[in-house]
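# Coordinate inspection notes
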Amino acid sequence: MANRTASTAQAVHGMNPQFLIETTFRQRIYDSQYWKEQCFGLTVTGVMDKAVGLRCIGGCYGTTRRPTEFLCLVLKLLQLQPDRQMVDVLVDQPDFKYLRALALMYFRLTQPPADIYEKLEPLYADYRRLRVRDMAGALALIHMDEFVDQLLREPQVCLVTLPVLTKRITLEDAGRLPPRISPLDADDSDSDSVE
Amino acid sequence: MSNSKKQGGGVARRYFPGKAPQEDHVDLSASESEGEQAPAAAAAAAAAAAAAAQRITLAGLKSVRVSEAAPEEEGAGDGDGDSDDEETQRLLRARLLARQRAGEDDSSSGSDSDDGLAARRAQALLRQRDGGSGSEADGGGASGSESGASGSESGASGSGSDEDDGYAEPVLLKPVFMSRAQRQAAAAATQEEPSAEQPHAEAAAAAGQSADRREESVRLAAEEARRAREEQAAGEQDEAAVSDGDDGDVDGEFEAWRARELLRIQRDRDEKDAAAQADAERERVRAMSERQRDAEGRERARRQRDEKAQRVAALAAEAAQPAPADAAIDTDANARAAQEMLEYALKQSQPRRGNSKWRGYRAEDTSRADRR
């Protein structure tokens, strides 16, 4: 019961949303103490509260492949499947960077390619620091724009295999996306216009 | 005549297994000969005979001494019902006496008489019932037979000799009905017996096991708590060492971000240029004729072979160079190996038209007609 997907949830990429995380890691999450103690009976609001208190992002680490709290909350969001508006709010809020990272991860896993490019690319301008825990358990620093770039480019982030993303050129050729405008180009154009 | 008298007396003849009847012809019919008796009297005699026969069968396995009973029956048989009853009682008394005599004389030594046979059968039954107490009952067998009138279950098993004439039957225990209350009482009694016997030992064992389990669980909980504290402490130290604050070098962060962004912009441009170049090449090749396409393909293959030959030659030249003087290695063996490898590489780098290893049929290759 605690690990079952919400009855109102819809299939994502043709499957149970929780299955976006591999069975091995999903089972590790189910068996973790944090999932059993903190994530039982949690709502989206509760997930937000937990995400505000996050200290790092990452997948599973250590010899025992212990899942991070970040990964547990990702699975919880997949289980609850909040609506699009709430996810947009979580992504757009600038106050809590780990909450934004969590929302970005969920957005990348569940939304269509065009929406992903439209929502994630503007966040290239956010260069705040994030702690990331690698598989050995050591902490490292990463910036939010690098995290966004990984979500758009890498096949696997935080031990989660991301769904295949259509290339931007293909969407541009199809007319579904305009060419990307970099924040630097935007700043330069603004400065030129000001001048 | 005896038959008619017997028939007139209404005595039913029994046929005992293992012993043929004495007379040649035994008319077992209850009806008497014709014209000797009135039908009413005949019917009454038949009923009395049937009753007498039933009484005889109820006597059990005891055999009827037909030879002794025959003259007695002859003498006593008057054909009346009362006389039949007296006759039956007389026969029973005779049987009892015979059994007693058999028990006193230990006459189970193979006598073929009816009494001896019956006695032997009875003794075999008793022996089976008593089991191993036959030897013990030998001493009391005589006294038991003297005291017991029936002597069926008094333990009179006779002598210790095993005399099984083939009439020993398996003893079947007669089922005894027990009410539900009796069954439950018996079950409760059997259950209480072991617990009553070892109450203290079991209680002590259970207490010991529970204590062990409690200690184990306490130890595991302490271990888990210690591990959790250590992990938390380690995590806090790591987090303190790796600060994710954004209030530090703002300009430096901005410059680092700018460099990353420029790299991303350049990467995007390179990808676009590569895609445009691939599209243009695709269009150019599509616009070419087939002849031009084949010629370009062969030229490309020749160029690739030449490049490969140059790489192999460079490797061979490098391998042919003498080894350094300070190298403590076997130069002769290495030189020979290098030479062999060079020869093999040069042989492999030679152009080979087609995959056929039959090189003597070049003139027969019809695929070359178009190229001429």
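The numbering scheme is per chain: residues are counted from 1 as the chain's sequence reads. Chain letters start at A and ligand numbers start at 1, both assigned in the order the entries are written. Where totals are concerned, whole chains, interfaces and linings use all residues; where local detail is concerned, this predicted model gives features only for residues with pLDDT of at least 70, and gives and counts side-chain atom pairs only at 80 or more. Note that the side-chain values use all heavy atoms of the structure and ignore hydrogens as well as water.

### Some remarks on the overall build of chain B
Helix and strand labels come from DSSP, where a helix needs a run of H or I of at least four residues and a strand needs a run of E of at least two; each type is numbered from the N terminus. The helix and strand tally for chain B stands at eleven helices and zero strands. Remark: exposure states derive from per-residue accessible area (1.4 Å probe, protein chains only) relative to the maximum for the residue type, with buried under 20%, exposed over 50%, and partly exposed in between. Looking at chain B as a whole, 19% of its 372 residues are labelled buried. Restricting the contact set of chain B to residue pairs at least 6 apart, pairs at least 24 apart contribute 59%. Counting only carbon and sulfur atoms, one obtains 52% of the accessible surface of chain B, whose full area is about 27100 Å². When checking whether two residues touch, look at their non-hydrogen atoms; a contact exists if any pair is within 4.5 Å. The Shrake-Rupley method, run with a 1.4 Å probe, gives the accessible areas here. Residue values count only the displayed protein chains as cover.

### Section: the sheet that holds strand β5 (residues 139-143) of chain A
All names here are of chain A. For two strands to be treated as a pair, DSSP must find at least two bridges joining them. Reading across the sheet, the three strands line up as β1-β4-β5 and stay open at both edges, with mixed pairing between neighbours. The sheet is open, and its two borders are formed by β1 (57-58) and β5, each paired with just one other strand. Across two bridges, the pairing between β1 and strand β4 (residues 129-133) is parallel. Paired with Ile57 across the strands is Val132, a residue of β4.

### Considering the state of the cysteines
Residue and element names in this part refer to chain A. Note on terminology: disulfide denotes any pair of cysteine sulfur atoms within 2.5 Å. Tallied over the entire structure, the rule returns zero disulfides over all chains. Not part of a disulfide, Cys60 finds its nearest cysteine sulfur in Cys72, a span of 8.0 Å. With no disulfide of its own, Cys158 has Cys56 as its nearest cysteine by sulfur position, at a separation of 9.4 Å.

### Re helix α5 (residues 84-92) of chain A
Residue and element names in this part refer to chain A. Those residues of α5 not exposed but buried are Val87, Asp88, Leu90 and Val91. Buried residues in α5, looked at end-on, bunch into an arc of 165 degrees, giving them a common side. In α5, the exposed positions that point more than 90 degrees away from the buried face belong to Gln85 and Val89. Buried residues belonging to α5 abut α3 (44-52), α6 (97-110) and α7 (113-120). Here the arc refers to the directions that run from the helix axis out to each C-beta atom.

### Some remarks on the interface of chain A and chain B
Facing the 29 residues of chain A at the interface are 24 residues of chain B. Buried area between chain A and chain B, summed over both chains or domains, comes out near 2400 Å², and the portion from carbon and sulfur atoms is 46%. When the buried area of chain A at its contact with chain B is split by residue, Tyr127, Arg153 and Leu184 of chain A rank highest and sum to 25% of it. Between Lys or Arg on one side and Asp or Glu on the other, a salt bridge is scored when a side-chain nitrogen of the former is within 4 Å of a carboxyl oxygen of the latter. If you look at where chain A meets chain B, you find eleven salt bridges. Nitrogen and oxygen atoms within 3.5 Å of one another constitute a polar contact, given that in protein one can donate a hydrogen and the other can accept it, and given that sequence-neighbouring residues count only through two side-chain atoms. Inspection of the chain A/chain B interface yields 18 residue pairs in polar contact (both at pLDDT 80 or more). Looking at the side of chain A that touches chain B, the elements with two or more residues in it are α6, β4, β5, α8 (144-153), α9 (168-173) and α10 (183-194) of chain A. Considered class by class, the residues forming the side of chain A that touches chain B number eleven nonpolar, four polar and 14 charged. Accessible-area loss on putting two parts together, using a 1.4 Å probe and summing over both, is the definition of buried area adopted here. Ten residues, namely Ala, Val, Leu, Ile, Met, Phe, Trp, Tyr, Cys and Pro, are considered nonpolar, four, namely Asp, Glu, Lys and Arg, are considered charged, and the remaining ones, Gly among them, are considered polar.

### Quick word on the packing of aromatic side chains
Stacked, edge-to-face and tilted labels apply to pairs of Phe, Tyr and Trp rings (six-membered ring for Trp) whose centres lie within 6.5 Å, assigned for plane angles under 30 degrees, over 60, and everything in between, in that order. Summed over all chains, the structure comprises four aromatic pairs over all chains. Both rings, one in Tyr30 of chain A and one in Trp35 of chain A, keep their centres 5.6 Å apart while their planes meet at 55 degrees; by these two values the pair is tilted. Trp35 of chain A shares its class with Tyr30 of chain A; the two are buried. Cluster of aromatic residues (ring-pair linked, three or more members): Tyr127 of chain A together with Phe254 and Trp257 of chain B. Above the face of the Tyr117 of chain A ring, Arg168 of chain A is positioned so that its terminal group lies 5.8 Å from the ring centre. For a ring to carry a charge above it, either NZ of a lysine or CZ of an arginine must fall within 6 Å of the ring centroid while also lying within 35 degrees of the normal to the ring plane.

### Here we look at the pairing of β5 of chain A
If a strand is regular, its side chains alternate between the two faces of the sheet. All names here are of chain A. Across five bridges, the pairing between β4 and β5 is antiparallel. When the sheet's bridge partners are listed, Arg131 is paired in β5 with Leu141. Between β4 and β5, which pair antiparallel and follow one another directly, the connecting turn spans five residues, one of which, Gly137, has a positive phi of 100 degrees.

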